[in-house]
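If you want the building blocks of each chain, they are given just below.
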Amino acid sequence: MNAKVIDFAQSREMAPDDMGGLNAHLTQLIGEPFQFMRVSYGDELTIHFGNLRPARSPKLPNKFYGEYVLGMRASRWSIKGGKVPLLLSSGMVADDIVIQGALPIAKEELEKKPFVEPRSLVLTVSSFLATPYQGFGLTATFSDGSVLFVLPVGNNDPAEVDDPSLPAISDWELFSPKGTLSAGPGPAWSFKAAMSGP
Amino acid sequence: MAKKHDIQQIEAIAKEFGMPDEERREFGDYVEDCKRSGERGSGQDGDFTYDELREKAREFRGS
């Protein structure tokens with residue numbers, strides 16, 4: 001047998017080239033069902049997986065969260081539909097490039113439209129070093145044939161340079177019952193185990 | 001594309017108010033709900049300023 005055990009319980013910050021460690025944490029998502037997408041403040045896309053739970057805050061009645069939440073933070077991303085011939089994309093294609101059939105989409109429509117079929121399972125997920133963007137990208141495939149692709153913004157785009165007066169944010173992050181996995185900024189990542197405090 | 005500055009502001013407020021990651025995520029959704037329900041901040045495109053977000057954090061926490 002060639003089985004492996006991955007221990008998520010330890011909070012670790014690894015060397016930048018430890019892709020194996022980053023990918024190990026991402027394997028938590030494998031087999032989890034896609035639930036829905038939601039756009040948060042700052043137009044950040046979040047993707048919810050696994051069992052749903054109600055919000056902890058009483059200020060958010062009727063709002064649900066996946067057991068696993070992948071937050072794009074400020075990354076560029078695309079989702080290629082498996083059962084629908086559509087590409088949903090943010091920041092992947094320059095605004096001045098004309099693409100036939102490309103239309104803007106409102107947040108509310110993005111959240112309602114099933115680009116990924118609900119309950120599709122995550123088949124594969126992995127990160128990669130995106131050298132031109134000075135950080136880690138992410139790709140995932142789903143059982144309906146959909147594909148998610150995420151690239152860090154980096155600091156190449158002058159409009160997206162960090163505000164130095166504010167805390168830097170990760171390029172993307174994965175909340176899970178085990179803790180928070182954060183990739184970036186830059187080619188570095190960390191995992192903060194749940195219950196270890198802020 | 002996402003607005004990095006807005007997300008950084010939420011991060012800063014979360015740190016200031018000692019919000020754990022999960023609460024920070026819910027706070028971002030709360031502020032987005034406020035905006036979608038028609039509330040306008042005095043920043044660019046109706047975004048909330050830092051001080052307005054501070055007020056939102058107090059509101060979110062019910063204090």
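Parameters at a glance
- Residues numbered from 1 in each chain as written.
- Chains lettered and ligands numbered in written order.
- Predicted model: local features only at pLDDT ≥ 70, side-chain atom pairs only at ≥ 80, totals over all residues.
- Helix = DSSP H or I, 4+ residues; strand = E, 2+ residues; numbered from the N terminus.
- Buried ≥ 20, exposed ≤ 12 C-beta atoms within 10 Å, placed from the backbone.
- Contact = placed C-beta atoms within 7 Å.
- Rg over C-alpha atoms; globule rule 2.2 N^0.38 Å.
- Arc of directions from axis to C-beta.
- Pairing = 2+ DSSP bridges.

Participant: I tried to follow the overall build of chain A on my own but got confused; where do I start?
Facilitator: Looking only at helices and strands, one finds 2 helices and 12 strands in chain A. The linear arrangement of helices and strands in chain A, starting from the amino end, is β-α-β-β-β-β-β-α-β-β-β-β-β-β. Out of the 198 residues in chain A, the part that is buried amounts to 36%. The long-range fraction of contacts in chain A, counting pairs at least 24 apart against all pairs at least 6 apart in sequence, stands at 52%.

Participant: Please clarify how the overall build of chain B should be interpreted in this entry.
Facilitator: When its secondary structure is counted, chain B shows 3 helices and 0 strands. Scaling as 2.2 N^0.38, a compact globule of 63 residues should have a C-alpha radius of gyration of about 11 Å, and chain B matches this with 11 Å. For chain B, the spread of C-alpha atoms along the principal axes amounts to about 30 × 25 × 20 Å. Burial status across chain B gives 38% buried among its 63 residues. Partitioning the contacts of chain B with sequence separation of at least 6, the portion at a separation of at least 24 is 35%.

Participant: Help me understand helix 3 (residues 50-60) of chain B in this model?
Facilitator: Think of an α-helix as 3.6 residues a turn; residues three or four steps apart then line up on the same face. All names here are of chain B. Among all positions in helix 3, only Leu53, Lys56, Ala57 and Phe60 are buried. End-on view of helix 3: buried residues confined to an arc of 105°, all on one side of the axis. Looking at helix 3, the residues exposed on the side facing more than 90 degrees away from the buried face are Asp51, Glu55 and Arg58. Structurally, helix 3 contributes buried residues whose contacts are with helix 1 (4-16) and helix 2 (21-36). Trailing helix 3 by a residue or two, Gly62 shows a phi angle of about 70°, which is positive.

Participant: Explanation requested: the pairing of strand 5 (residues 76-80) of chain A in the structure shown.
Facilitator: Regular strands have side chains that alternate between both faces of the sheet. Residue and element names in this part refer to chain A. Summarising the sheet, strand 5 and strand 9 (residues 147-151) pair through 5 bridges and their orientation is antiparallel. From the neighbouring strand, Ile79 faces strand 9, where its bridge partner is Leu148. Where strand 5 meets strand 6 (residues 87-90), 4 bridges bridge the pair, whose relative direction is antiparallel. When the sheet's bridge partners are listed, Ser78 is paired in strand 6 with Ser89. The hairpin turn running from strand 5 into strand 6, its antiparallel successor, is 6 residues long.

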